[in-house]
Amino acid sequence: MIAAEQDKNFNNFLKLIKQALPKKNILFDPLSLYSYANDASHYYLVPKLVLIVDEEVEIQSIFKSAKKYKIPLTIRAAGSSLSGQSITDSVLLVISWKWRKYKILNDGNEIELQAGVIGKDANYYLAKYQKKIGPDPSSLDFAKIGGIAANNASGMCCGVKNNSYHTLKNIRVIFNNGTILDTSDEVSIQDFKKTNKFICEKIIEIRKKILINNNIKEKIQNKYKIKNTVGYSLNSFLDFEDPIDIISHLMIGSEGTLGFISSITYKTIYEDPYKKAALCFFSDLRSAMEAVLILNDENISSLEFLDATSIKCAKKELSEFLSQEINTYEHCLLIIDLRDSSEMNLNQKILEINKKINRCQNVITYSQFYENDKYQKIMKIRKSILPIVQSQRKPNFLALLEDVAFPLESLPQGSFDLKELFKQHGFENSCLFGHAKDGNLHFILEMKFENENDKIKYEIFMKNLATLVIDKHNGSLKAEHGTGRNIAPFIEVEWGKEINDIMHEIKQILDPEIILNPDVILSSDKFIHTKNLKQITEIDIHLDKCNECGACERICPSYGLSLTPRQRIVSLRAMNFIQKNNKTKIYKNMFKHFKYYGSDTCAASGMCATVCPVGVDTGKVIKNWRIKHKSVFLSYIWNFLSQFHFMIHFFGKLYLKIKTSYHD
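Per an unreviewed UniProt entry, the protein chain goes by D-lactate dehydrogenase (cytochrome) and derives from Silvanigrella paludirubra. Note on the protein chain: under the UniProt heading Cofactor (unreviewed entry), the record states "FAD". According to the UniProt record, the Sequence similarities (unreviewed entry) comment for the protein chain is "Belongs to the FAD-binding oxidoreductase/transferase type 4 family."

Here it is as structure tokens:
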């Protein structure tokens, strides 16, 4: 009866959606559904329906219809979601390429950005003002503003003061009842306060509850002294009095569970023009982390850590910086990044840092401070370390990424304990890297989820990880990439029952029907983190390195028209799996659609490989696919045409260069 009622509700929901969206934006063929079943996380869910949304009014209609029929919705922009925040087995809303408007305000001191603007592009628009946005995640080249803000992603230089929460000026949000709140518009604020009086009153009630309880107040204050994206941004109840300010800051890091962030206005950050970086190698992990306590001060822009496994994986990329003294099986690396507004000041900083390096123990060697091309090369390697490590995983294994934060004084022991924990659980090949300046470390585990024992192994590991990070070191189980599904069962462990109850109360106030991204951040299922785990299927020697990070999407000529390179890879993996499992009807349907969406509309120019951190060339695979599935004559034509696609890129760059020169 329940299933029948759900089907009836879904069908009624679909009828309303067909009136609200163009037919081409409503996708439910197998190829579309499977191509959106993956994100960069270790979870896998095939949506029931995919809706491509172009405008706010469409989202308002969808939200109202979903609320009426209690249909779960998940919103996807493109962020740094690594814990299953942007997948669902219900309805997936994907913002189209049209959400890319921006406006420079106040001589570059502020920038208004729609949810679909890529972080790198925002900084490009701000460059002539010598400004940038605060968040700087490694995925900035392809992550979109909606995702960055919804995860409160930070990055190398961002720290705890320049993230989306602290640089937020204004925000435009659509709530589950279709109401829009635009905090830059006084009329919108007053309308919201009037029509959503209940929400405002309840938010103030929660604030009063927090303020009269010193234990809760103190815990919230302490938790946000280090990076923390576990649960909702409760610091907003201490930082602000007005319910509008509290609600707008609660949206940061809410992962699409409280509303849809349509646009955001950031206060921008000064971009130092002079930058240099040095590489400092240590004999062991503990020595490197103890050095962080010596080197870390306001002169440092970032201190990026790579353990021996990370160095070993990136040996090829780092080759020109590795001397014979470096043992890639033992030694660790700190990349010291310095920036300033003047060259003289920067050189003075280098003198000071060199003195500090001399005080550090067990330094094997350290390089000069590099600038220009070598500086860019070092930073590129650091930004790409995740996909580089992921690409070297064993066959049929996935590379599972998590991130934690320790108070700085606990960093040496905390990082040592983490390594010991990996060994205890048989993850000897795991690697550790991250933003040591902020006590923020990422780790990668090679995992495969083929049977119940694999799940149990992971379940026990996560339980022990929570004990180590929270109970032993008073750290954060999630520092900068959002709670997602993976940390949802540990909210109460991290925050305690009273604060956990407050988080549920917030959800109940803003999304009473629990339709927005259920099981993300908050879940009644204590084992949600061990369900719907991804399995990697090998399909082609050219594609198997791909870990589905999405870096290729922004440059693909077919973006917005058909499938992106990541979706082509995901679809091929799904088709391979479906064919092997004798689901012939679904396979034939997917194959038929793949010919156009996957093959015919692929330029096969290899542009994707130029931005892929591990050089995966989807175009090459598509050429092979055409040879296998099409006539030889047609494949020659496609291959011939693809030889000239580079000219589009060439003339595009030439045009931009001429245009820039003209404006200069």
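### Some details on the packing of aromatic side chains
The relation between two aromatic rings is expressed through the spacing of the ring centres and the mutual angle of the planes. Across all of its chains, the model carries 16 aromatic pairs by this definition. Seen from their ring centres, F422 and F443 are 5.3 Å apart, and the 50° between their planes marks the pair as tilted. One end of the pair, F422, is in helix α17 (residues 411-424); the other, F443, is in strand β18 (residues 440-447), and 21 residues separate them in sequence. Summarising the aromatic geometry, the rings of F591 and W625 are spaced 5.3 Å apart at their centres and angled 40° between planes, so their arrangement reads as tilted. Placement of F591 in helix α22 (residues 584-600) and of W625 in helix α24 (residues 618-629) is noted, with a sequence separation of 34 residues between them. Among the aromatic residues, ring-to-ring pairing joins F422, F427, F443 and F461 into one connected group. Seen from the ring of F10, K48 lies directly overhead, with NZ or CZ sitting 4.4 Å from the centre. For R286, the ring lying beneath its charged end belongs to F416, and the centroid distance is 4.7 Å.

### Side note on the sheet that holds strand β4 (residues 91-95)
The four strands lie next to each other as β1-β2-β4-β3, forming an open sheet whose pairing is mixed. Every interior strand has two partners, whereas the edge strands, β1 (26-27) and β3 (73-76), have only one. Relative to β4, strand β2 (residues 49-53) is paired through five bridges, and the arrangement is parallel. Counted as the bridge partner of V53 is I95 from β4. Here helix α1 (residues 2-20) sits on the sheet in contact with β1, β2, β3 and β4, set at roughly 25° to β2.

### A look at the side chain of D438
Structurally, the position occupied by D438 is in the loop between β17 (431-435) and β18. Contact partners of D438, with chain neighbours within four places excluded, come to G155, M156, G159, K227, F406 and L408.

### A few points about the pattern of salt bridges
Enumeration over the complete set of coordinates arrives at 31 salt bridges. Of the charged contacts in the structure, one is a salt bridge between D297 and K356, with a shortest N-O distance of 2.4 Å. Residue D297 is located in the loop between α12 (285-295) and β13 (300-306), and its partner K356 is located in helix α15 (residues 343-359); the two are separated by 59 residues in the primary sequence. Note that K478 is salt-bridged to D403, the shortest N-O span being 3.9 Å. Here K478, found in the loop between α18 (452-472) and α19 (491-495), pairs with D403, found in strand β16 (residues 398-405); they are 75 residues apart in sequence, far enough to count as distant. For D403, a relative accessible area of 1% puts it in the buried group. Because the salt bridges share partners, they merge into one network encompassing K227, K437, D438 and E480.

### Focus on the layout of surface pockets
Computed from the structure, the second largest pocket encloses a volume of approximately 590 Å³. Lining the second largest pocket are 29 residues, and of these D307, T309, K419, E428 and S430 lie nearest its centre. The set of elements that each furnish at least two residues to the lining of the second largest pocket consists of α12, α13 (308-313), α16 (372-391), α17 and β18. Residue contributions to the lining of the second largest pocket peak at five residues, all from α17.

Rules behind the numbers
Residues numbered from 1 in each chain as written. Predicted model: local features only at pLDDT ≥ 70, side-chain atom pairs only at ≥ 80, totals over all residues. Heavy atoms only, no water. UniProt positions renumbered as here; feature names shortened; annotations may be inferred. Phe/Tyr/Trp six-rings, centres within 6.5 Å; stacked < 30°, edge-to-face > 60°. Helix = DSSP H or I, 4+ residues; strand = E, 2+ residues; numbered from the N terminus. Lys NZ or Arg CZ within 6 Å of the ring centre and 35° of its normal. Pairing = 2+ DSSP bridges. Contact = heavy atoms within 4.5 Å. Axes fitted to C-alpha atoms, helices over the stretch in contact; angles between N-to-C directions. Salt bridge = Lys/Arg side-chain N within 4 Å of Asp/Glu carboxyl O. Buried < 20%, exposed > 50% of the residue type's maximum accessible area, 1.4 Å probe, protein only. 1 Å grid on protein atoms, 1.4 Å probe; cavity = no way out; pocket = protein on both sides within 12 Å on 5 of 7 lines; lining within 4 Å. Points joined across faces, edges and corners; volume = space filled by probe spheres on them.

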